[in-house]
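Summary of structural features
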Amino acid sequence: MIDQLQFWAVLLCLAFGLFFTFVSTVGVLRLPDVYSRAHTASQTDTLGAGLSLAAVALALGWESTTIYTVLLLFFVFLTNPTAAHAIARSAAESGITPLTAEDELESETPDDGASAPGDTAVNAGEEGGDHA
Amino acid sequence: MAAERVLVPLSDTVTVRQTVGYAVRAALEDADAVEFHLVAALPYDVAVPEGRSLTEDAEQLLTRAENWVEEDVDDTDATVEIETAVVGTNEYLFGPRDFAEVFEAYATSHDIDRIVLDPEYQPGQTAQLIQPLEREFDALGLPYEEAPVDRPARHERLIGGGTERFDQLFATFWISYGFYLILGDPTYPFDLVTGAAVAGIVSISLAYVTFTFPLGRLRSPLRTVRFALYIPYLLYEIIKANLAISVVILRPSMPIEPVLTRVNARVRGGLPLLALANSITLTPGTLTVRADDQRLIVHTLIPGARDDLFDGALERAVRFVFHGRSGARIPTPRERDDTEIIGGDDV
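In this text the structure is predicted, and so the values were computed from the model without any measurement. (Residues numbered from 1 in each chain as written. Chains lettered and ligands numbered in written order. Predicted model: local features only at pLDDT ≥ 70, side-chain atom pairs only at ≥ 80, totals over all residues. Heavy atoms only, no water.)

Topic: the UniProt feature "transmembrane region" (unreviewed entry) in chain B
Per the UniProt record, the feature "transmembrane region" (unreviewed entry) sits at residues 195–215 and 227–250 of chain B. Taken end to end, residues 227–250 of chain B is 100% helix and 0% strand, and its two terminal C-alpha atoms sit 34 Å from one another. (UniProt positions renumbered as here; feature names shortened; annotations may be inferred. Helix = DSSP H or I, 4+ residues; strand = E, 2+ residues; numbered from the N terminus.)

Structure follows, in structure tokens:
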């Protein structure tokens, strides 16, 4: 019974860990610029690595090596934001302007005006200008 | 006699006043027109958190030193010019060689004739630099001299009070011993003995480096306990933010709304600010791009994450860790008007 439970808990943790790593990969591929990609890259480290390490800890059971996985997670949680911040800051320092909501609208309006939701005000304004 | 140019590197030490006094006396013996260059070197890039206040400290020290020079030359009839400068503001100075190179560059560009060093010169927080710095000056062929000063015995000054020293040693010892036993086996006598030896060496050699601030006997353990309470809360926030971001990324239309914001955080000092900026970056959806003292520039990906940031839940939690429950009761950044949406060009 306990073994069964442990097995399914390990499986569940691994599945969710893989899921968040997958989402993070999709995010890195889909998101537009370096700043927004840094957001989703941290998902791999937080929940992706976190749940996978939790699965490892559960699979090992109550042993001294289990503590190592907890320590590992602790160090990942320290280094991940440091790395993300370093990437963002060096991007800012090398003069990369982050793509903000307004810029995105401007670039999208010419070919596809209706794609992004929640931007109707500016869209309407620009389109009105074009027609006039 | 020709004018002489004297470079005095300054840092905030007990002997800095005497060093300036000696530099003035020695220079006026040899020449009747002297140009004093008072220079403070910053070990950190000014863009680090607290960089601004470090620069201000250095500038205050230079102003004080300028007054000292004026005081000392007051009763002579020499012509004296004073120039002050803060150097090393756009790079990290790691070791004596970096400092020596910065001073050499300054000496070359200003045609310096001699350098007067403070025997206690200590630009960083951790260690005195005088001997390795002198070696580097020798290697570079820079003429320098050490100011003869009277100073209190060094051990008094380094350690502060006896209890403070004991607390630092005590804390470092038990933290390193605990860590050693976690990695080793707490029931194995060999590990217990070697762990005690290692922790002893670590605490004696590194206690001052680990704790650059005084520890409170009640406050510091209490903070550790509150930090332990903070971790589950942070995990909850991380999971919540992860789910929100995952939904947005997997939706085919991907409704992101990246916006750059500036938040003035009400947490002070290195460690609390580090905890807050790290936590903000750790939750997907908000990313600290710059931290300049309490002004954090945060890139937010979705409106939900932005609202959470402006509601300041993490900020309150960090204040709870460091200042207790009463410290956490503050208005949200939105209520106290400490938030601002900025354009992409303002990074």
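Describing the interface of chain A and chain B
On the chain B side, the residues contacting the 39 residues of chain A number 42 residues. Approximately 3,400 Å² of surface area, both sides summed, lies buried where chain A meets chain B, with 69% of it carried by carbon and sulfur atoms. Contact with chain B buries area across many residues of chain A, yet Arg30, His39 and Arg89 of chain A alone supply 19% of it, more than any other trio. For Glu93 of chain A, the salt bridge is made with Arg290 of chain B, and the minimal N-O distance between the two is 3.2 Å. At the junction of chain A and chain B, the tally comes to nine residue pairs in polar contact (both at pLDDT 80 or more). Those elements that place two or more of their residues in the side of chain A that touches chain B are α1 (2–30), α2 (34–60), α3 (64–93) and α4 (101–108) of chain A. No other element matches α3 of chain A, which puts 15 residues into the side of chain A that touches chain B. Partitioned by chemical class, the residues of the side of chain A that touches chain B number 23 nonpolar, 12 polar and four charged. (Contact = heavy atoms within 4.5 Å. Buried area = accessible area lost by both parts, 1.4 Å probe. Salt bridge = Lys/Arg side-chain N within 4 Å of Asp/Glu carboxyl O. Polar contact = N/O pair within 3.5 Å; in protein donor to acceptor, adjacent residues only side chain to side chain. Nonpolar A, V, L, I, M, F, W, Y, C, P; charged D, E, K, R; others polar.)

Description of the pattern of salt bridges
All names here are of chain B. Scanning all chains against the criterion turns up 12 salt bridges over all chains. For Arg64, the salt bridge identified is with Asp12, shortest N-O distance 4.0 Å. Linking Arg64 in helix α2 (residues 51–73) with Asp12 in the loop between β1 (4–10) and α1 (16–30), this pair joins segments that are 52 residues apart in sequence. Judged by relative accessible area, which is 37%, Arg64 ranks as partly exposed. (Buried < 20%, exposed > 50% of the residue type's maximum accessible area, 1.4 Å probe, protein only.)

Description of the UniProt feature "transmembrane region" (unreviewed entry) in chain A
Residue and element names in this part refer to chain A. The residues that UniProt annotates with the feature "transmembrane region" (unreviewed entry) are residues 7–29 and 49–78. Within residues 7–29, the helical portion is 100% and the strand portion 0%, while the C-alpha atoms at the span's ends are 33 Å from each other. Segment residues 49–78 splits into 90% helix and 0% strand. End C-alpha atoms: 13 Å apart.

Here's the deal with the confidence of the model for chain A
Note that predicted coordinates carrying low pLDDT should not be read in detail. Residues and elements named next belong to chain A. Mean pLDDT for chain A: 74, with 76% of residues reaching 70 or above. Averaged over each element, pLDDT in chain A is lowest for helix α5 (residues 120–131) (38) and highest for α1 (89). Across residues 106–132, where pLDDT falls below 50, the model places 13 contacts with residues more than four positions away in sequence or in other chains. (pLDDT = per-residue confidence, 0-100.)

Describing the sheet that holds strand β3 (residues 79–87) of chain B
Residue and element names in this part refer to chain B. Spatial ordering of the open sheet is given by β3-β2-β1-β4-β5, a layout of five strands whose pairing is parallel. Whereas interior strands pair on both sides, the edge strands pair on one side only; in this sheet they are β3 and β5 (144–146). Looking at each pair of strands side by side, their axes are set apart by 25 degrees on average, direction ignored. As defined by bridge partners, β1 adjoins strand β2 (residues 33–41) across seven bridges and the pair is classed as parallel. Across the sheet, the residue bridging to Pro9 is Val39, located in β2. (Pairing = 2+ DSSP bridges. Axes fitted to C-alpha atoms, helices over the stretch in contact; angles between N-to-C directions.)

Considerations on the confidence of the model for chain B
Residues and elements named next belong to chain B. Residues at a pLDDT of 70 or more form 90% of chain B, whose mean pLDDT is 80. Per-residue pLDDT, averaged within each element of chain B, yields its smallest value for helix α5 (residues 154–159) (48) and its largest for helix α7 (residues 189–210) (88). Here residues 155–159 scores under 50 on pLDDT; set against residues more than four positions off or in separate chains, the count is seven contacts.

Points about α1 of chain A
Taking 1.5 Å of rise per residue, 29 residues should cover 42 Å, and α1 of chain A covers 42 Å from first to last C-alpha, within 8% of that figure. Residues of α1 of chain A that are buried sit in contact with α2 of chain A together with α8 (219–250) of chain B. (Expected span 1.5 Å × (residues − 1).)

Quick look at the environment of Ala41 of chain A
Relative to the assigned elements, Ala41 of chain A resides in helix α2. The class of Ala41 of chain A is partly exposed, set by a relative accessible area of 35%.

Some thoughts on the environment of Asp337 of chain B
Along the chain, Asp337 of chain B turns up in the loop between α11 (313–328) and β9 (339–342). Once the C-alpha coordinates of Asp337 of chain B and Val263 of chain B are considered, the two residues, 74 residues apart in sequence, prove to be 9.2 Å apart.

Here we look at the packing of aromatic side chains
Residues and elements named next belong to chain B. Going through the model one piece at a time under the given rule, you end up with 14 aromatic pairs over all chains. A ring pair is formed by Phe103 and Phe137, whose centres lie 6.4 Å apart and whose planes are at 65 degrees; its orientation type is edge-to-face. Pair noted here: Phe103 is in helix α3 (residues 96–110) and Phe137 is in helix α4 (residues 130–140), with a separation of 34 residues, a long-range link. Across the pair, Phe137 and Phe103 agree in class, each one buried. Taken together, a centroid distance of 6.0 Å and an interplanar angle of 45 degrees make the contact between Phe137 and Tyr144 tilted. Here Phe137 falls in the buried class, since its relative accessible area comes to 0%. By relative accessible area, Tyr144 is classed as partly exposed at 26%. The ring centre of Phe320 lies 5.9 Å from the NZ or CZ of Arg226, which sits over that ring. (Phe/Tyr/Trp six-rings, centres within 6.5 Å; stacked < 30°, edge-to-face > 60°. Lys NZ or Arg CZ within 6 Å of the ring centre and 35° of its normal.)

A few points about the nonpolar core
Residue and element names in this part refer to chain B. Membership of the largest hydrophobic core comes to 26 residues, with the highest contact counts inside it found for Val6, Val8, Leu10, Val20, Phe36, Leu38 and Val116. Every element with two or more residues in this core is listed here: β1, α1, β2 and α2. Val8 has contacts with Thr19, Ala23, His37, Leu38, Val39 and Val116, leaving out every residue within four places of it along the chain. Of all hydrophobic cores here, the second largest spans 24 residues; its members include Leu276, Val298, Val321 and Phe322. (Core = buried A, V, L, I, M, F, W, Y, C linked by side-chain atoms within 4.5 Å.)

Description of the side chain of Thr300 of chain B
Relative to the assigned elements, Thr300 of chain B resides in strand β8 (residues 295–300). Within polar-contact distance, the side chain of Thr300 of chain B engages the side chain of Arg306 of chain B at 3.2 Å. Excluding residues that lie within four positions of it along the chain, Thr300 of chain B makes contacts with His39 of chain A together with Glu257, Pro258, Val259, Thr261, Gly285, Thr286, Arg306 and Leu309 of chain B.

Brief notes about the packing of α2 of chain A against α3 of chain A
Residue and element names in this part refer to chain A. As a packed pair, α2 and α3 sit with axes 10 Å apart at the nearest point and diverge in direction by 175 degrees. Classed by the angle they form, the pair α2 and α3 counts as roughly antiparallel. Contacts between α2 and α3 involve Val34, Tyr35, Ser42, Asp45, Thr46, Ala49, Gly50, Leu53, Val56, Ala57 and Leu60 on the former and, on the latter, Thr65, Thr66, Thr69, Leu72, Leu73, Val76, Phe77, Asn80, Ile87, Ala88, Ala91 and Ala92. Partitioned by chemical class, the residues of the contact of α2 with α3 number 15 nonpolar, seven polar and one charged. (Parallel < 35°, antiparallel > 145°, perpendicular 65-115°, else oblique.)

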